[in-house]
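Structure at a glance
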Amino acid sequence: MSRTALVGGAMALVLCSISIQPAAAQSADAELEDLIPDSAVADPEGWAMDTQAARLPEDSGPDPETPLDGEGEFTLAWPDDDFDFSFEPLETDPELAETLSRRAPRPAADIALPEMADEESEEEVQRVSNEVSKRITLRYPSDFAGFDKIDEFEQRFKDLSDIIQLADGDDNLAQLANRARADQELLETLLSVYGYYDGDVTQRVRTPNEGEGSGENGTIRASDARFTFNIDPGPRYKFGAIDLGELSSVGEDYETLRSAFEIETGDFINEDTIVFERIDLDVALGENGYAFAEVGAPELTIDHARDEGDLALPVTPGGKYVFGSVVSELPKFLSGRHLGEISRFDAGDIYKESDVEDLRRAILATGLVSTLSIEPREVEPPANGEPGVVDLNVDMTKAPLRTIAGSLGYATTDGFRAEASWEHRNFFPPEGMLRVRAIAGTQEQLLGATVRRNNWHGRDKVISLDVFANTIDRDAYEARTVSAVAKYERLSTLIFQKELSYSIGLELVATQEREGTLDGEVGPRETYFVAALPARVTLDQSDDLLDPTNGWRLEGWVSPEVSRNNGTQSFYGRSYVEGRYYQPFGDSVVLAARAKLGTIQGTSLANIAPSRRLYAGGGGSVRGYGYQDIGPKDDLGEPTGGRSLAELSMEARVRTGFMDGALSVVPFIDAGAVDTTTTPRLRDLQFGAGVGIRYHTNFGPLRVDLATPINRRPGDSRIAVYVALGQAF
């Protein structure tokens, strides 16, 4: 028969095509043939006519048309019309009368089956009882209470119980009767899932006495019914013979593959385990070169005579292979050579299904295709003990390649801002993007273009050129800038998080800048020409890019620069180092800490353009303060920036049980200082503290932080709010 296996504690149903068969009639056909004589096989009709039954004369019985004379045939007289049919009344049984009285606790007769009304035996009363819900109690022998999966068994019953899950204020007793029968069958199914094939489940149901119910004037309602399920599990069956088809044909890989299927003769039967281990074996085959392996549906034959089940799992390995080439069905759009460059395997590597899946995700991540299929194709069969070769055929459908985007916003600190962009993601195939963007706002205006080649000669390696002109009007400075930035980088991404990522670039800047204004009073505008070679290296040992819970990250950044201003040429270096650490405490708390130190060495503050100085304050820095608002200020009260920077942060990310555990509460404290010296002076630290909320999604946490400055200065806001995607650090 086909059985449905129920998987997990609070799990959904996992459909399992395990065929459960009784071990009966194995030799029935041979024994039956021994009972049939050869003459019956040669001439069935003649053999039948030669039997004693065929030679006896046919007895048709009495003639239905002939009346009976009655003499000697009957010993009872036929009753006369005045026969007295009255009976003497039985005496009342006092105990039965008390049991059936309204005062006595009673079974709910209108929903109880006859066997439910029986008095509980002493054995039943002495069993282990567990009230799994307000309405349901499970009773079972003490040895079953020691079953290692008993908690999982009960939780699954609660999650799937019709009485519990379908409970409603409008329930009636008939509905409860149907649900109770369904729950009884559910318990029997769960018993068999865990190997109890001789299990038996009975149920009892009781309601209060008349007048003592929860309804109006003590009437009995359906919700008053209480159910007890008595479980007699019987013996727990074990695995007998285990047949894995042709798995032994894989030779030296047999031990590796067999160890992936962790079921042995003598283990207790668990149908969930059969499902999971079948998947594990299928995965192991795909990860060890067996590109065309097939693992069929398991068949479990139960033998009640020996309390065992024999498991047969048809496995056809199909030969071992290595990777060949990647073949694109759209070579002018995304060539096979390019797809091979973004794969994480080389020709000649052992075939792995995980590498194929990774390539699938990488192609989809380009944003250039809407549908995709990757199929292995044999080009050389295995021979002479050597693996065969498979190419990967990649069939794609182009996605829309052009995007027009825009945003409109307003903030009390930044004013009005509108942004628009147009991009073509495959303007220079393969993966050559062209983007044109513009910003119009109170504090910033920009017009620029970007050319970017993704996956350039390797996975997540990017080369780009960004040219733009912009004006910025902030409290710290005003700037009119023309810039060109060329960069080569190796990125860490959500689908391929790397231990090492880096970038190196060339930056050319022409900018006219002046420091902040007050009441319309402005200082002189100065012109700076800057050339820089910025480089960054990141070591990442954390467990997640957007929402790390364990590990650490260390990032170093340096930018040697030359600047010319008013005939003065200056050489200096900007740099910082930042470390982040994440330590879990239990399953619901993560302590996160961050430290960042930055410096500018080689020239005085006056020779550095205001836009290239160091600043602190804001949502990604010290929360509670305005953007770039920490540090020295000029006579007008505006931040001037500095040559040294120190930032420290610590927060506790506490998962709550709200919204299915998706909501976290995050108390935090930040500190930061900016100084005109090349070494930060920690006595100048500004502190901010607050609390945040995180809503965890499948693409990262949404962050809302509310912060206040602790050692507030004149002009600092009392409250600051920050909204972003991802953790603060």
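Residues numbered from 1 in each chain as written. Predicted model: local features only at pLDDT ≥ 70, side-chain atom pairs only at ≥ 80, totals over all residues. Heavy atoms only, no water.

Some thoughts on helix α14 (residues 353-365)
Defined as follows: Helix and strand labels come from DSSP, where a helix needs a run of H or I of at least four residues and a strand needs a run of E of at least two; each type is numbered from the N terminus. A helix's residues, less one, multiplied by 1.5 Å, set its expected span. Residue exposure (1.4 Å probe, protein chains only): buried if accessible area is under 20% of the type maximum, exposed if over 50%, otherwise partly exposed. By arc we mean the arc of the directions from the helix axis to the C-beta atoms, nothing more. Any two residues whose heavy atoms approach within 4.5 Å at even a single point are treated as in contact.
Between the first and last C-alpha of α14 there are 18 Å, a value that for 13 residues agrees with the 18 Å anticipated at 1.5 Å per step. Residues of α14 that are buried: Asp355, Val356, Asp358, Leu359, Ala362 and Ile363. Projected onto a plane normal to the axis of α14, the buried residues spread over an arc of 160 degrees and lie on a single side. The elements touched by buried residues of α14 are β13 (321-328), α13 (336-342), β14 (369-380) and β15 (388-398). Just downstream of α14 lies Gly367, where phi reads positive at about 75 degrees.

Description of unusual backbone geometry
With an omega of -5 degrees, the peptide bond between Pro429 and Pro430 qualifies as cis. If you trace the backbone, Pro430 turns up in the loop between β17 (415-428) and β18 (432-441). Phi is positive for Asn455, close to 50 degrees, though the residue is something other than glycine. Among the secondary structure elements, Asn455 is positioned in the loop between β19 (444-453) and β20 (461-473). Phi at Met659 takes a positive value of approximately 55 degrees, unusual for a residue other than glycine. Residue position: Met659 is located in the loop between β28 (644-655) and β29 (663-675).

Structural notes on a nonpolar patch on the surface
This is how it is decided: Surface patches are drawn from residues lacking salt bridges whose relative accessible area is over 30%; two like charges belong together within 9 Å, two nonpolar side chains (Val, Leu, Ile, Met, Phe, Trp, Tyr) within 5 Å. Accessible areas in this description were obtained via Shrake-Rupley with a 1.4 Å probe; residue shielding takes into account the shown protein chains only. A side-chain nitrogen of Lys or Arg and a carboxyl oxygen of Asp or Glu constitute a salt bridge if their distance falls within 4 Å.
Taken together, the side chains of Ile404, Trp422, Phe427, Phe428, Val436, Leu447, Val451, Leu465 and Val467 present a nonpolar region at the surface, about 790 Å² in accessible area. Of all the secondary-structure elements, those providing two or more residues to the nonpolar patch are β17, β19 and β20. At three residues, β17 tops the list of elements feeding residues into the nonpolar patch. Within the fold, Phe428 resides in strand β17.

Observations regarding the pairing of strand β27 (residues 589-601)
Selection criterion: One requirement defines pairing of two strands: DSSP has to find at least two bridges between them.
Pairing geometry for strand β26 (residues 568-585) and β27, over 13 bridges, is antiparallel. Bridging from a neighbouring strand, Val577 pairs with Leu597 of β27. The antiparallel hairpin formed by β26 and β27 contains three residues in its connecting segment, where Gly586 sits at a positive phi of about 70 degrees. Sheet topology places β27 next to β28; 11 bridges connect them, and they run antiparallel. Bridged to Val589 within β28 is Val654.

Some words on helix α12 (residues 271-287)
So the rule is basically this: N or O atoms within 3.5 Å of each other form a polar contact, as long as, within protein, one can give a hydrogen and the other can take it, and as long as residues adjacent in sequence are counted only when both atoms are side-chain atoms.
Across its 17 residues, α12 extends 25 Å between first and last C-alpha, which sits within 8% of the 24 Å expected from 1.5 Å per residue. Buried within α12 we find Glu271, Asp272, Ile274, Val275, Glu277, Leu281, Ala284, Leu285 and Gly286. Two to three positions downstream of the cap, the backbone nitrogen of Asp272 sits 2.9 Å from a side-chain oxygen, assigning the N-cap of α12 to Asn270. Of the residues one or two after α12, Gly289 is the one with positive phi, at around 105 degrees.

Things to note about the side chain of Arg536
Our working rule: Under the counting rule used here, the positive set is Lys and Arg, the negative set is Asp and Glu, and His together with the chain ends is not counted.
Considering the arrangement of structural elements, one finds Arg536 in strand β24 (residues 535-540). Buried charge without a salt bridge: Arg536, with Glu555 as the nearest opposite-charge side chain at an N-O distance of 4.3 Å. Reaching out from Arg536, the side chain makes a polar contact with the side chain of Thr538 at a distance of 3.0 Å. In this structure Arg536 touches Glu489, Ser501, Tyr502, Ser503, Glu555, Gly556 and Trp557, once residues within four positions along its chain are discounted.

A closer look at the pattern of salt bridges
This structure, assessed with the given rule, holds 39 salt bridges. Residues Arg417 and Glu444 are paired through a salt bridge, measuring 2.9 Å at the closest nitrogen-oxygen approach. Of this pair, Arg417 sits in strand β17 while Glu444 is found in strand β19, placing the two residues 27 residues apart along the sequence. Judged by its relative accessible area of 34%, Arg417 is partly exposed. Looking at Glu444, the relative accessible area reads 16%, which means it is buried. Of the charged contacts, one joins Arg435 and Glu423 as a salt bridge, the two residues approaching to 3.0 Å between their closest N and O atoms. With Arg435 in strand β18 and Glu423 in strand β17, the pair connects residues that are 12 residues apart, well separated along the chain. Residues participating in the shared-partner salt-bridge network are Arg623, Glu651, Arg653, Asp670, Arg694, Arg703 and Asp705.

Section: the nonpolar core
Worth spelling out the cut-off: Only buried residues count toward a nonpolar core. Its members are Ala, Val, Leu, Ile, Met, Phe, Trp, Tyr and Cys residues joined through side-chain atoms within 4.5 Å.
Formed by 26 residues in total, the largest nonpolar core has its most connected members in Leu138, Phe144, Phe153, Phe157, Leu187, Phe227 and Phe229. Those elements that provide at least two residues to this core are β5 (136-140), α8 (150-160), α10 (173-193), β6 (200-207) and β7 (226-232). The element contributing the most residues to this core is α10, with seven residues.

Re the sheet that holds β13
The condition is simple: An axis is simply a line fitted to the C-alpha atoms; with a helix, the fit covers only the stretch in contact. Between two such axes, the angle follows the N-to-C directions and lies from 0 to 180 degrees.
Taken in spatial order, the three strands line up as β13-β15-β14 in an open sheet, and their pairing is mixed. Of all strands in the sheet, those bounded by a partner on one side alone are β13 and β14. Going across the sheet, the axis of each strand differs from the next one's by a mean of 25 degrees, ignoring polarity. Where β14 lies against β15, 10 bridges are found, and the strand directions are antiparallel. Opposite Val369, over in β15, you have Lys398 as the bridge partner. Packing of α14 onto the sheet brings it into contact with β13, β14 and β15, and relative to β14 it is tilted by some 145 degrees.

Quick notes on the packing of α8 against α10
Packed helix pairs are specified by the crossing angle of their axes together with the interaxial distance, meaning the distance between the axes. How we decide: Take the far helix as your reference; a near helix turned counterclockwise from it by less than a right angle gives a left-handed crossing, and one turned clockwise gives a right-handed crossing.
Running from N to C, α8 and α10 cross one another at 145 degrees; their axes reach a closest spacing of 11 Å. Every pair of crossing elements has a handedness; the one defined by α8 and α10 is right-handed. On α10, the residues that touch Phe153, Arg156, Phe157 and Leu160 of α8 are Asp183, Leu186, Leu187, Leu190, Leu191 and Val193.

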